[in-house]
Amino acid sequence: MSILITKETNFIVQGITGREAVNLTRENLDYGATIVGGVTPGRAGRDVYGVPVYDCVRDVVAQHGPVEGSIVSVPPGFTKDAVFEALENGIRIIVVVTENIPRKDVAQMVELARMRDARIIGPNCLGIISPDEAKMGGVGGPAANTRQAYTKGPVGIMSRSGGMTTEIASTLTAAGLGQSTCVSIGGDAIVGTTYAELMPLFEADAETKAIAIYSEPGGRMEAELADWIREHDSRLPVVAFMAGRFMDEMRGMRFGHAGTIVEGKEDTAAEKIERLRSAGIDVAERIEEIPDLVRKRMAERS
Amino acid sequence: MRFYEYESKALFARHGLPLGEHRVATSADEARAAATAIGGPVVMKSQVLSGGRMKAGAVKFADTADEAASLFQPIMDAVVSGQTGRSVLVESKSPVAQEYFLSVTWDGRRKQPVLLFSDMGGIDIEEVAETHPEHLSRTHFSTLLPITPRIAKEAVGAVGVTGGALNRITPIATELMRLFLEYDLTLAEINPLARLEDGRFVVLDGHVDMEAEARGRHKKLLAELGVQEEETRQARPPTDFEIRGRQVNEADHRGVAGNVVEFDGDLGLVIGAGGGSLTLFDAVRKHGGKPANYCEIGGNPSVGKACELTKLILGKPGVEKIAVMMNVVSNTRVDIVARGVIKGCIESGKDPKDVIAIFRIPGAWEDEGFKILAKHGVDYCDRSVSMYEAAGRAVAKMG
Amino acid sequence: MAGMFIDVRVDASIAKDAEIAKKLEEVCPVDIFEATDGGVALVEKNLDECTLCDLCLEAAPKGKIEVVKLYER
């Protein structure tokens, strides 16, 4: 099984005629995705790799029936409205690829998504992949590269970095450990879905036996995860990797993703490592330690 | 992006928040003139992007205009977290009866803005939270529904404030919430808001941060406040090297080769992407390496862009070699980066095989990339060598 | 002059064809071709930007354009 998406999930691409969107449309189709349409205002009637383009999400739904998901890849100033459009047309899982969206817009999208009982992944993310099942977003790149890095198996991945999602998957694959579902949750200060919010889904997924996370300084997401693990007595062992330890010495400077700026004591790398460990989460010193730690912890629980 | 106090107050003034009479002085003479115009005792505050001014001697009080003039230079020279003043804010000083704390910021867990209010203003709010939690209220509010006074009223009332104070503070807090959203702020703080002995309410000090991503939407405001486009307002101003890094990134819209930060080591880093750069920078330091810079490449930059970034880093005094490393790439192409980096070495008059300590970028188009690297004799590796090991190999080659 | 990594060779038989020149200018994502009064011209500074997409090979009669990877020589 997988979480969030299945082989049957149909979706659209909003902003489909843009440079990055064209790429990810092809990559997703090659990986077996069902993309029923694309939306770029003013470009109705065209097609991108055989996917028909419409002006409005409404028109896709009118033509093809209910749509489950959308990948949003439009410029930052237009993203909020694109997400609103998806939500108001009944779409319930939205992957927002766009970077550099102001927090207010993200908060507004998230608030409307909650009202509509929908879920946003991202922004500033590469999306979701359940190896050999489905992929929604640019995660893993071209289908051939994706198959090289991602294989089916017991480990769920959640990562604030899209690139590191693939690095971790590739490392697990090389060690003979496949993945159930991998989610690039996004690098911004506010994201649609946090580690802790994905945990119940992984918890309910029989295929998932362990979790690996990639994490960074900034924000409170790791604290939230640590609290969740403690409160729910999770069956899933979690192994974490924390990048950006050097940033602890450089308060107020911004490195990496928008979400990494350290604003208080609680969101330094050292503080986060402490919190994760106190909740029983293993924190790997290097990426290549993750497979052994995962194996060891899975063996302890079985 | 942090605002100076005088900029914060200019923003508050637009929303009708009550301020004491104040002027900005950039010389002793201007300080004297300001104090004369204001009349009576004044407080003089160094304009720096940091808290802790009082402790550093960057805030002083003057009873006369002459005193204000003589205090100007010592205030400007006071060092606060490594910064000295850009100017001095001269403001009327009146007896205070009570101080309050108001702050609006984002709560990343709730994904909503939160209004923090306390009737114990003027002191460290974290201390209040710890020792007097009943004196601090946290009130989340919607980003979609209109901001109406009842939210602020509940926040103020929650700590037991009632009577005239409740009715005076409520509109101030309401405006603070509105300007927080209107200007895409990440922090809008008033600390303290004072009730003066004569009954007036005055914002004594304010701290405003605007989200860097939203600067483009507020160009008009920033121009009116006098904030220059090149001001990053990070913990320290950008160096020439960093400014040139930004120029490299902006000269070509294809992909990213940017976020260059200067360090003083000898190993130049051409690294990516967002998370990969953080991971690799840690790894280089763990191996005892001395990075000359931080940077991020990603989003499939053009050959020209990778080339210019390489030239910038190789041209930095003290850089002996560069390490070219990324996580397994998906949309950035190995061959394109390889071409750019090799070209950058050659155009810098260096032999790629001598100056590239390691090339570790596995992923999209790696076979093509590895052919290019092999042709030029560059030491490269695939994904079987971890990011950590690759960093170690680069550091081992340094003298 | 070739690039450092990539050279593009246009067969003499199509080099002066205005229509093909225009097509090549349109399809190349990195602007290697320019349609001039004299036919196809190569923009040297863009040669190394070639993404090996092969769109130019499809736009011209078969075999008339060759993209040479100089690093394979």
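Notes on the structure in this doc start here. For clarity, every value in this text was computed on a predicted model and none was experimentally measured.

Criteria and thresholds
Residues numbered from 1 in each chain as written. Chains lettered and ligands numbered in written order. Predicted model: local features only at pLDDT ≥ 70, side-chain atom pairs only at ≥ 80, totals over all residues. Helix = DSSP H or I, 4+ residues; strand = E, 2+ residues; numbered from the N terminus. Rg over C-alpha atoms; globule rule 2.2 N^0.38 Å. Buried ≥ 20, exposed ≤ 12 C-beta atoms within 10 Å, placed from the backbone. Contact = placed C-beta atoms within 7 Å. Nonpolar A, V, L, I, M, F, W, Y, C, P; charged D, E, K, R; others polar. Pairing = 2+ DSSP bridges. Axes fitted to C-alpha atoms, helices over the stretch in contact; angles between N-to-C directions.

Here's the deal with the overall build of chain A
Working step 1: Helix and strand counts for chain A come out as ten helices and 14 strands.
Working step 2: For chain A, the C-alpha radius of gyration of 19 Å lies close to 19 Å, the compact-globule estimate for 302 residues.
Working step 3: When its C-alpha atoms are laid out on the principal axes, chain A stretches across 55 × 40 × 30 Å.
Working step 4: Out of the 302 residues in chain A, the part that is buried amounts to 59%.

A few points about the interface of chain B and chain C
Working step 1: In this assembly, eight residues from chain B lie in contact with six residues from chain C.
Working step 2: Counting residues per element, the ones that place at least two in the side of chain B that touches chain C are α10 (303-314), α11 (334-347) and α13 (366-375) of chain B.
Working step 3: If you tally residues by element for the side of chain B that touches chain C, the top one is α13 of chain B, at three residues.
Working step 4: Class assignment for the residues of the side of chain B that touches chain C results in two nonpolar, two polar and four charged.

Some words on the interface of chain B and chain A
Working step 1: Opposite the 39 residues of chain B that make contact, chain A presents 50 residues.
Working step 2: For the side of chain B that touches chain A, the secondary structure elements donating two or more residues are α9 (274-286) and α14 (387-396) of chain B.
Working step 3: The greatest single-element share of the side of chain B that touches chain A, amounting to nine residues, is contributed by α9 of chain B.
Working step 4: Considered class by class, the residues forming the side of chain B that touches chain A number 15 nonpolar, 16 polar and eight charged.

Things to note about the arrangement of the chains
Working step 1: Out of two pairs of chains that touch, the pair holding the most contacts is chains A and B.
Working step 2: In this view chain A stays clear of chain C, with the nearest C-alpha atoms of the two still 10 Å from each other.

Comments concerning the sheet that holds strand β9 (residues 134-136) of chain A
Residue and element names in this part refer to chain A.
Working step 1: Sheet architecture is open: seven strands sit in the order β9-β8-β11-β10-β12-β13-β14, paired in mixed fashion. Sheet topology places β9 and β14 (282-284) at the edges, where each strand pairs with a single neighbour. For this sheet, the mean angle separating the axes of adjacent strands, direction not counted, is 20°.
Working step 2: Relative to β9, strand β8 (residues 127-130) runs antiparallel, the two being bridged by three bridges. Each residue of the ladder has a partner; that of Ile128, found in β9, is Met136.
Working step 3: Its contacts with the sheet put helix α6 (residues 162-174) on β10 (152-159), β11 (179-184) and β12 (210-215), and the angle it makes with β10 is roughly 155°.

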